[in-house]
Amino acid sequence: TNNGLDKLDMSGKFTHFKSIPGDSTVLTENSLLHLDYDPAGYLWICTYLTGLNRLNLNTRQVKQLIKDQKNPTSLSGEEQVFYTYKDRAGDLWIGAGLGLSKYNYATESFKLIARGFVPVNMFEDRQGNFWIGTLFEGVLKLNRETGEWRRFNDGHPLSQGAVTDILEDDEG
């Protein structure tokens, strides 16, 4: 959407969340790319040009998580945030314009995990492998036990183009 975020409560009342220039307590912008519910009580909001927002669903407070050149643990890379994914271990992964980052809830900081691709979708399979659909590079797979990355090479059907959704079938 390009008009911010609307929340409908059980009584039928709408609450509108919208960007206000210069106000750091609201959304950074109104062009939203992805929403991700977090059982910890947050809604993660990915934006087109201005980073990541975290909406506390209980207090309705918005925290802007944007790139700060002076802080190496702030959001890495470009301000485009395409996707967030919370894995079974409770880690939050962020797909941004320059690569993949992981969020540390305790310190409210980010760690750049890998760069050189644009993650637009993520999925954790039954074995704990992490699959990443990218905007231009096809599919990547991270074996989280070994830390080994597999990039599907040229000629493989998963080697190129945009992969916007990943699912696991009954056979794994």
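Now for a description of the structure that goes with this document. Quick caveat: nothing in here was measured; it's all calculated off a predicted structure.

### Overview of the layout of surface pockets
Where empty space is left in the structure can be found by rolling a water-sized probe over the atoms. Empty space within the largest pocket amounts to approximately 160 Å³. Together, Trp93, Lys102, Tyr103, Asn104, Ser109, Phe110, Lys111, Ile113, Leu142, Arg144 and Gly147 line the largest pocket. When residues of the lining of the largest pocket are traced back to their parent elements, those giving at least two are strand 9 (99–104) and strand 10 (109–115). Looking at the lining of the largest pocket, the element that brings in the most residues is strand 10, giving four residues. Of the residues assigned to the lining of the largest pocket, the class counts are five nonpolar, three polar and three charged.

### Overview of the sheet that holds strand 3 (residues 32–38)
A sheet is described by the order of its strands in space; here four strands give the open sequence 3-4-5-6, paired in antiparallel fashion. This sheet does not close on itself; its edge strands, each paired only once, are strand 3 and strand 6 (62–65). Across the sheet, the axes of successive neighbouring strands diverge by a mean angle of 20 degrees, strand direction being ignored.

### Examining the nonpolar core
Formed by 14 residues in total, the largest nonpolar core has its most connected members in Trp93, Leu100, Phe117, Met122, Phe130 and Ile132. Put simply, the parts of the chain that give this core at least two residues each are strand 7 (81–86), strand 11 (119–124), strand 12 (130–134) and strand 13 (139–143). Per-element accounting of this core gives the leading share, three residues, to strand 7. Residue contacts for Phe117: discarding those within four places in its chain leaves Ala96, Gly97, Leu98, Gly99, Leu100, Ile132, Thr134, Glu137, Leu140, Trp149 and Arg151. One finds Trp44, Leu65, Val81 and Ala96 within the second-largest nonpolar core, a separate group that totals twelve residues.

### Looking at the packing of aromatic side chains
Counted under the stated rule, the structure contains eight aromatic pairs. On the basis of an interplanar angle of 55 degrees and a centroid distance of 5.0 Å, the ring pair of Tyr103 and Phe110 is categorised as tilted. Residue Tyr103 shares its accessibility class with Phe110, and that shared class is buried. An aromatic cluster is defined as three or more aromatic residues linked by ring pairs; in this entry it consists of Tyr42, Trp44, Tyr103, Tyr105 and Phe110. Taking NZ or CZ as reference, Arg54 lies 4.5 Å from the ring centre of Tyr42, over its face. Against the face of Phe130 rests Arg144, its NZ or CZ located 5.7 Å from the ring centre.

### A short note on the side chain of Asp125
Of note, Asp125 is situated in the loop between strand 11 and strand 12. In this structure the side chain of Asp125 is engaged in a polar contact, spanning 2.9 Å, whose partner is the backbone nitrogen of Asn129. Polar side-chain contacts of Asp125 include one of 2.9 Å to the side chain of Trp131. Those residues in contact with Asp125, other than ones at most four positions away along the chain, are Arg88, Trp131 and Glu168.

### Overview of unusual backbone geometry
You will see that Arg60, though not glycine, has its phi angle at about 65 degrees, which is positive. On the basis of relative accessibility, which here comes to 37%, the residue Arg60 falls in the partly exposed class. Positive phi, normally seen in glycine, also occurs at Glu108, with a value near 50 degrees.

### Here's the deal with the sheet that holds strand 13
Strand order in the open sheet formed by four strands is 11-12-13-14, with antiparallel pairing between adjacent strands. Of all the strands in the sheet, just strand 11 and strand 14 (148–151) have a single pairing partner and so form its edges. Strand-to-strand, the axes of this sheet are offset by a mean angle of 20 degrees, without reference to chain direction. Summarising the sheet, strand 12 and strand 13 pair through four bridges and their orientation is antiparallel. Note on strand 13: the bridge partner recorded for Phe130 is Leu142.

Thresholds applied
- Residues numbered from 1 in each chain as written.
- Predicted model: local features only at pLDDT ≥ 70, side-chain atom pairs only at ≥ 80, totals over all residues.
- Heavy atoms only, no water.
- 1 Å grid on protein atoms, 1.4 Å probe; cavity = no way out; pocket = protein on both sides within 12 Å on 5 of 7 lines; lining within 4 Å.
- Points joined across faces, edges and corners; volume = space filled by probe spheres on them.
- Helix = DSSP H or I, 4+ residues; strand = E, 2+ residues; numbered from the N terminus.
- Nonpolar A, V, L, I, M, F, W, Y, C, P; charged D, E, K, R; others polar.
- Pairing = 2+ DSSP bridges.
- Axes fitted to C-alpha atoms, helices over the stretch in contact; angles between N-to-C directions.
- Core = buried A, V, L, I, M, F, W, Y, C linked by side-chain atoms within 4.5 Å.
- Buried < 20%, exposed > 50% of the residue type's maximum accessible area, 1.4 Å probe, protein only.
- Contact = heavy atoms within 4.5 Å.
- Phe/Tyr/Trp six-rings, centres within 6.5 Å; stacked < 30°, edge-to-face > 60°.
- Lys NZ or Arg CZ within 6 Å of the ring centre and 35° of its normal.
- Polar contact = N/O pair within 3.5 Å; in protein donor to acceptor, adjacent residues only side chain to side chain.

From the geometry alone we can't say anything about function, so treat these as descriptive.
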